[in-house]
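# Coordinates in review
Given next are the chains, with one letter for each unit.
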Amino acid sequence: MKKKKTPLLFTLLLLMNISCSEFDNSQDIGIDAVSVADSISYPDLVSDSIIETTATIEKSDSLSTRKYIYLTIDDAPLNGSMYIDSIISSEKIKTSLFVVGNAIDGSSRFSRYYKMLQQNPNIEIYNHSYSHANNRYVDFYKNPELVLEDFDKNQSDFDITHKITRLPGRNLWQIGERKKNYNQTGATSADLLVKNGYKVFGWDVEWNYDAKDYMPKQTIDELVEEIEASYNSSRTFTANHVVLLMHDQMFAKVGEKNDLRELITKLKDNNYCFEYLSAYPE
């Protein structure tokens, strides 16, 4: 019987131990794997039974279900943008920001924040409308053509690459033929946006905040429990994928209640993979 050489087994074992987050930095793994392999000596031969067992484990691992989380932040850029940028840069977590154009046009400071967020390699920018409906949602959605114009203006004025949207004040979904929450005003506008090449995203779990001081209503532990419950009960729009809604203004003043780094750490501890909405399955 022909016997296999050890370096093949070692390579398989290395691949099995790559975590979800490490896939994002796969270009660095090859160098480390070679240096480690060169520094350790092994016997020349290994039994076929060990090779077969390793292959079975690797196959089982590759078929295991991954838990995906999408950190989405609405209403950027606002007073929380600098904090968001610093944490996401430090943690190197894929994050999705929905921007509102009139905030950028209305403030030189927010315009600088927008350029900063655009340059962050861990952030993707999406479209949350130009006007944010001027916070008059019912009136806004009475004219779907004007809604489309509002989104088109935001898309073109601020060089938004992805045609991914979220409607102001509405948790509406439409991705291809899949829809959710269409029994509310805004559904006709969402349908028109999709016909013009956009995807409309809602959310599965929201980190709610108090409108008086913008502080979160749930603690970080409560939020993580809510995310886990939503995931485990299959209440999400897509199984194994949880879209979390947050708002820029929640991070204008940062303390123990809204520590974004702590939230990210606890989501990692619960084995979530961070992804962009542009990679969300259709």
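To be clear, the structure that these remarks concern was listed above.
Here's what I pulled together on the structure shown here. (Residues numbered from 1 in each chain as written. Predicted model: local features only at pLDDT ≥ 70, side-chain atom pairs only at ≥ 80, totals over all residues. Heavy atoms only, no water.)

Along the protein chain, the regular secondary structure elements total 11 helices and 12 strands. Expressed as a percentage of its 282 residues, the buried residues of the protein chain come to 46%. Looking at the protein chain alone, contacts between residues at least 24 apart form 77% of all its contacts between residues at least 6 apart. Within the structure as shown, the protein chain displays about 14800 Å² of accessible surface, and the carbon and sulfur contribution to it stands at 50%. (Helix = DSSP H or I, 4+ residues; strand = E, 2+ residues; numbered from the N terminus. Buried < 20%, exposed > 50% of the residue type's maximum accessible area, 1.4 Å probe, protein only. Contact = heavy atoms within 4.5 Å. Areas by Shrake-Rupley, 256 points an atom, 1.4 Å probe, with all protein chains shown as cover.)

Turning our attention to helix α11 (residues 260-269). Residues L260, L263, I264 and L267 constitute the buried set of α11. One side of α11 holds all its buried residues, which, seen down the axis, span an arc of 100°. Contacts from the buried residues of α11 go to β3 (67-76), α4 (81-91), α10 (220-232), β11 (241-247) and β12 (272-274). A distance of 3.0 Å separates the backbone nitrogen of R261 from a side-chain oxygen at the start of α11, and that oxygen is part of D259. (Arc of directions from axis to C-beta. Polar contact = N/O pair within 3.5 Å; in protein donor to acceptor, adjacent residues only side chain to side chain.)

What follows concerns the packing of α4 against helix α6 (residues 108-118). Two numbers describe how α4 lies on α6: the axes approach to 10 Å, and their chain directions differ by 15°. Between α4 and α6, the crossing angle belongs to the class labelled roughly parallel. Our pair here, α4 against α6, has a crossing hand that is left-handed. Seen from α4, the contacting residues are S81, M82 and D85; seen from α6, they are Y113, M116 and L117. A breakdown of the residues in the contact of α4 with α6 according to their chemical character gives four nonpolar, one polar and one charged. (Axes fitted to C-alpha atoms, helices over the stretch in contact; angles between N-to-C directions. Parallel < 35°, antiparallel > 145°, perpendicular 65-115°, else oblique. Left-handed = near helix turned anticlockwise from the far one by under 90°. Nonpolar A, V, L, I, M, F, W, Y, C, P; charged D, E, K, R; others polar.)

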